[in-house]
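As a plain string of letters, each chain reads:
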Amino acid sequence: MTPDEELRARATRVIPGGMWGHQRAQALPRGYPQFFKDARGARVRDVNGKEYIDMMCSWGPVILGHQHPAVDAAARAQNDKGLCLDGPTEHAVVLSELLVEKVVHADWAYFQKNGSDAMTTCVTLARAGTGKRKVLVARGAYHGAVPWCSPSVAGVTAEDRAHIILFEFNDAGSLKDAIAQAGDDLAAIIVSAFRHDLGRPLEMPDQSFAEQARRACDATGAALIVDDVRAGFRLNMGGTWELFGVRPDLSAWSKAIANGHPLAAVTGNDRFREAAEQVFVTGSFWYAGGPMAAAVATLSELTRIDGPALMRRSGERLRKGLAEQAARHGFDLRQSGPPAMPLVQFVDDDAQSSLGEAFCGEALGRGVYLHHRHNMFLSTAHEDDIIDDLLTRTDEAFAALAKRR
Ligand code: PMP
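Since we're looking at a predicted model, the values are computed, not measured.

A.B. asks: Explain the nonpolar core to me, please; I cannot follow it from the model alone.
C.D. replies: One broad trend across soluble globular proteins is that nonpolar side chains are buried collectively. Core analysis: the largest hydrophobic core is formed by 74 residues, its most contacted members being Leu95, Leu99, Phe233, Ile257, Leu299 and Leu370. Built from parts of two domains, this core gets at least three residues from each of domain 1 (3-66 + 306-403) and domain 2 (69-305). In this structure, Ile225, Ala252, Val266 and Ala275 belong to the second largest nonpolar core, which totals 26 residues.

Spelled out as structure tokens, the structure:
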């Protein structure tokens, strides 16, 4: 039995289903390890000791590479003085100042732990600020694992979602209908930074759709909420929708904000400052200084090196390499999304993405950790030599896949 197999067997006895959420073994591509041991830079190692070039970056949080020295030193310096004190540390103020400086729409910020916390806080704030109830959410979008938005209906009541109205992302008619359905009770329109629903090609927001959402909020007083939990700081330091010239009222952040240290944030404009003062949001760990110190170091470093530009360039190198290889081996690839958060699919694949899964399996065996249905993540540690090393291995993976046909 390998160490991974042994841990799986033990987990099944004491953890329901062997693991919770998206890290259940059943949700992994076939043949993937479940347990990991360590990681550095752009490489991660599983519990069996096999090393991979990491294209998931912990599903987003790792943006400067694993174990970034300056980030981890900043966290350690605070942690050595105490993990959780009787109140916040100066890092809460310094980080808020930094976010207000960098995030264009932000007049204020405050902090949580997870993206689900930040998104739920945004919804509560929007309702408090508007005195209205209806919240528009794009069908199929992921915003967290709490009852108002969980992709599972187990344990969720109709009442939990009583005021949620669904619309289709990038569909003007559908958004218009949803706004009409909300009538004079519209509290918020929630949009993902871009459409990144599991298993379907990634889609950037249409300019006209983004502007329509902004206009509707201006006309009704509702809050435009951008869920920047997944894309935040990978595409643009000032907020992803700045790329489309549309400014939200509230944004949720987490994942990459502290390079893997646990932290989430909500930023807002002055229109929602009073609501943010009224709403009672808190958590035992929400004031811990270490992750905030890590976030200050992460955002400063990303700014200093222009992280988004570096990741875009590496992502373009990867995309070009994969396209060339696929064509040479006779495969038709569909590469979608921003280069720093790519999804790679096979045009001729079946509904289960069998070909994509087989390709990932071949790559995994050759030391490349990919995902066939979820967008992947580059970090600034994915420098040219890493991308070229990865491409050498994927070339072999394509060749092996071609032989199977
Ligand atoms: N929003 C988006 C867009 C996400 O991708 C995620 C996490 N995958 C969340 C919200 C929820 O974040 P968390 O898992 O930290 O609660």
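Picking up where we left off.
A.B. asks: Would you take a moment to explain the site of the ligand for this structure?
C.D. replies: Around the ligand, a shell composed of Asn114, Gly115, Ser116, Tyr142, His143, Gly144, His196, Asp227, Val229, Arg230 and Lys255 is seen. Between the ligand and Tyr142, the relevant distance is 3.5 Å, taken from a nitrogen atom to a main-chain nitrogen or oxygen of the residue. A distance of 2.8 Å separates an oxygen atom of the ligand from a polar atom in the side chain of Arg230. The fraction of the free accessible surface of the ligand (390 Å²) that becomes covered by protein chains is 85%. Taken together, the residues of the shell around the ligand sort by class into two nonpolar, six polar and three charged.

A.B. asks: Can you help me understand the pattern of salt bridges in this one?
C.D. replies: Enumeration over the complete set of coordinates arrives at 27 salt bridges. Between Glu324 and Arg328 there is a salt bridge whose closest N-O contact spans 2.7 Å. Of this pair, Glu324 and Arg328 both sit in helix 9 (residues 307-328), separated by four residues, roughly a single helical turn. The structure contains a network of salt bridges with shared partners spanning Arg43, Glu51, Asp389 and Arg393.

A.B. asks: Can you help me understand the environment of Pro308 in this one?
C.D. replies: Mapping Pro308 onto the fold places it in helix 9. With relative accessibility at 6%, the residue Pro308 sits in the buried group. Every residue in contact with Pro308, bar those within four places of it in the chain, is listed here: Phe233, Arg234, Leu235, Asn236, Met237 and Leu302.

A.B. asks: Looking at this structure, I do not really get the state of the cysteines. What am I missing?
C.D. replies: Here, disulfide denotes a covalent bond that connects the sulfur atoms of two cysteines. Taken as a whole and assessed by the stated rule, the structure comprises zero disulfides. Residue Cys122 stays outside any disulfide, its sulfur separated by 11 Å from that of Cys149, the closest cysteine. On the basis of relative accessible area, Cys122 is assigned to the buried category, the value being 0%. Look at Cys149 and you get buried, because its relative accessible area is 10%.

A.B. asks: Mind showing me how you'd approach the pairing of strand 10 (residues 264-268) here?
C.D. replies: It is a general feature of regular strands that their side chains alternate between the two faces of the sheet. Across the five residues of strand 10, five count as buried, placing the element largely inside the fold. Of the two faces of strand 10, the one lined by Ala264, Val266 and Gly268 and the one lined by Ala265 and Thr267 are each fully buried. Taken together, the five bridges between strand 4 (residues 108-112) and strand 10 define a ladder with antiparallel strand orientation. Across the sheet, residue Phe111 finds its bridge partner in strand 10, namely Ala265. Note that strand 9 (residues 250-253) and strand 10 share four bridges and pair antiparallel. Looking at strand 10, one finds that Trp253 is bridged to Ala265.

A.B. asks: Sorry, what's going on with helix 3 (residues 90-102) here?
C.D. replies: One full turn of an α-helix is made of 3.6 residues, so residues set three or four places apart face in the same direction. Spanning 13 residues, helix 3 covers 19 Å between terminal C-alpha atoms, matching the ideal 18 Å at 1.5 Å per step. The complete set of buried residues in helix 3 reads His91, Ala92, Leu95, Ser96, Leu98, Leu99 and Lys102. The buried side chains of helix 3 occupy one side of the element, clustering within an arc of 165° when seen end-on. Exposed positions of helix 3 whose direction lies more than 90 degrees from the buried face are Glu90, Glu97 and Glu101. Where helix 3 is buried, its residues contact helix 2 (69-79), strand 4, strand 10 and helix 8 (289-304).

A.B. asks: I'm lost on the pairing of strand 2 (residues 43-46) in this one. Help?
C.D. replies: Burial along strand 2 is one-sided: the residues Val44 and Asp46 are buried and none of Arg43 and Arg45 is. Inspection of the sheet shows strand 1 (residues 36-40) paired to strand 2 by four bridges, in the antiparallel sense. The partner of Arg40 across the bridge, within strand 2, is Arg43. Between strand 1 and strand 2, which follow one another and run antiparallel, lie two residues, and Gly41 among them has a positive phi close to 60°. Joining the antiparallel neighbours strand 2 and strand 3 (residues 51-54) is a turn of four residues, in which Gly49 adopts a positive phi near 95°.

A.B. asks: Sorry if this is basic, but what is going on with the packing of helix 10 (residues 354-365) against helix 11 (residues 384-404) here?
C.D. replies: Two measures define how a pair of helices packs: the angle their axes make with one another and the distance between the axes. It is the contact of helix 10 with helix 11, at a shortest axis distance of 8 Å, that shows an interaxial angle of 130°. Comparing the axis directions of helix 10 and helix 11 gives the class oblique. When you trace helix 10 past helix 11, the crossing you get is right-handed. Contacts from Leu355, Ala358, Phe359, Glu362 and Ala363 of helix 10 reach helix 11 at Thr394, Ala397, Phe398, Ala400, Leu401 and Arg404. Across the contact of helix 10 with helix 11, the residue classes tally to eight nonpolar, one polar and two charged.

The rules behind these values
- Residues numbered from 1 in each chain as written.
- Predicted model: local features only at pLDDT ≥ 70, side-chain atom pairs only at ≥ 80, totals over all residues.
- Heavy atoms only, no water.
- Core = buried A, V, L, I, M, F, W, Y, C linked by side-chain atoms within 4.5 Å.
- Buried < 20%, exposed > 50% of the residue type's maximum accessible area, 1.4 Å probe, protein only.
- Domains from an automatic or database assignment.
- Near = heavy atom within 4 Å.
- Polar contact = N/O pair within 3.5 Å; in protein donor to acceptor, adjacent residues only side chain to side chain.
- Areas by Shrake-Rupley, 256 points an atom, 1.4 Å probe, with all protein chains shown as cover.
- Nonpolar A, V, L, I, M, F, W, Y, C, P; charged D, E, K, R; others polar.
- Salt bridge = Lys/Arg side-chain N within 4 Å of Asp/Glu carboxyl O.
- Helix = DSSP H or I, 4+ residues; strand = E, 2+ residues; numbered from the N terminus.
- Contact = heavy atoms within 4.5 Å.
- Disulfide = S-S within 2.5 Å.
- Pairing = 2+ DSSP bridges.
- Expected span 1.5 Å × (residues − 1).
- Arc of directions from axis to C-beta.
- Axes fitted to C-alpha atoms, helices over the stretch in contact; angles between N-to-C directions.
- Parallel < 35°, antiparallel > 145°, perpendicular 65-115°, else oblique.
- Left-handed = near helix turned anticlockwise from the far one by under 90°.

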